[in-house]
Amino acid sequence: MTTYGLLVFDDAEELDFVGPWEVFTVSARLRDSGDRAVLIAERPSPVRCNKGLRVLPDHTLDDHPPLDVLHVPGGQGARTVQPHNAVVTDWIAKAAARAEWVHAVCTGTFLLHAAGPARGRRVATHRSHEDTLEALGDVTVVRDARYVVDGNVVTSQGVSAGIDSALWLVGRIHGREHARRVRRTIQYDPAPPYLADEPL
């Protein structure tokens, strides 16, 4: 049985946790082995995310089940508020030490740096925040990879890269063919109509 714990907080970027949530919950349904994903927040009240989506956590930092995978999203809250919230960073440090895998998307890597698990590691983050993260020190920012695996810490660039890294992680835990089934089930086959690297 695999338990995925996804941290949520005010001003978390929605797709940074909803994308991996989709991967993890579809994986759980396909396996039918008691796997589950839970949302965890500092308080039991609804969390208002970066674009206004409100979500209700399943658990607080003090009452969640043991986690096999700790997931940390990015967003404005991950880089400006939560790194200075000792309650959250202390919890991340403890939860990461117990988890088999630690997974962050976008500027969630800033929270992993503040809490400790990203220190001394090779990591990825959103391209517009790479210099800022590198300036914090004790971290090597990889700029040319959608996600980076260093030991049991998996970090990724923004938004859709979090889905990529979540699929990799599910494949690492439960096998490549299972990850392929998850990908087919969610019909994840990106083909954007306007390429981001094309000139205006």
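Because the structure is predicted, anything quoted here is derived from the model rather than measured.

Novice: Got a minute to help me understand the packing of aromatic side chains in this structure?
Specialist: Given two aromatic rings, one states the distance between the centres and the angle between the planes to describe the pair. Inspection of the entire model under this criterion finds three aromatic pairs. A ring pair is formed by Y4 and F24, whose centres lie 4.2 Å apart and whose planes are at 10 degrees; its orientation type is stacked. Of this pair, Y4 sits in strand β1 (residues 3-7) while F24 sits in helix α1 (residues 14-31); the two residues are 20 residues apart in sequence, bridging distant segments of the chain. With respect to class, Y4 is no different from F24; both count as buried. Grouped by ring-pair contacts, the aromatic residues W101, Y147 and W168 constitute a single cluster.

Novice: In this structure, what is going on with the packing of α1 against helix α7 (residues 176-185)? I would like to understand it.
Specialist: When two helices pack together, their arrangement is given by the angle between their axes and by how far apart the axes lie. Put simply, α1 and α7 touch, their axes get as near as 9 Å, and they point 115 degrees apart. The orientation of α1 relative to α7 falls into the category roughly perpendicular. Remark: the crossing between α1 and α7 carries right-handed chirality. Counted together, V23, V26, S27, L30 and R31 of α1 and H178, R181, V182 and T185 of α7 form the full contact between these two elements. Here the contact of α1 with α7 is built from residues that sort into four nonpolar, three polar and two charged.

Novice: What is the right way to look at the side chain of E13 in this model?
Specialist: Relative to the elements of secondary structure, E13 occurs in the loop between β1 and α1. Polar contacts involving the side chain of E13 include one to the side chain of K51, which spans 2.4 Å. With residues near it in sequence (within four places) discarded, E13 still touches N50, K51, P73, G74 and G75.

Novice: Looking at this model, I keep getting lost on the nonpolar core. Mind explaining?
Specialist: Counting 51 residues, the largest nonpolar core has L7, F24, L70, W91 and I92 as the members making the most contacts within it. With residues up to four places along the chain from it excluded, the contact list for L7 reads I40, L61, H71, V72, P73, V88, W91, I92 and L111.

Rules used in this analysis
Residues numbered from 1 in each chain as written. Predicted model: local features only at pLDDT ≥ 70, side-chain atom pairs only at ≥ 80, totals over all residues. Heavy atoms only, no water. Phe/Tyr/Trp six-rings, centres within 6.5 Å; stacked < 30°, edge-to-face > 60°. Helix = DSSP H or I, 4+ residues; strand = E, 2+ residues; numbered from the N terminus. Buried < 20%, exposed > 50% of the residue type's maximum accessible area, 1.4 Å probe, protein only. Axes fitted to C-alpha atoms, helices over the stretch in contact; angles between N-to-C directions. Parallel < 35°, antiparallel > 145°, perpendicular 65-115°, else oblique. Left-handed = near helix turned anticlockwise from the far one by under 90°. Contact = heavy atoms within 4.5 Å. Nonpolar A, V, L, I, M, F, W, Y, C, P; charged D, E, K, R; others polar. Polar contact = N/O pair within 3.5 Å; in protein donor to acceptor, adjacent residues only side chain to side chain. Core = buried A, V, L, I, M, F, W, Y, C linked by side-chain atoms within 4.5 Å.

Don't take any of this as a statement about function, it's just geometry.
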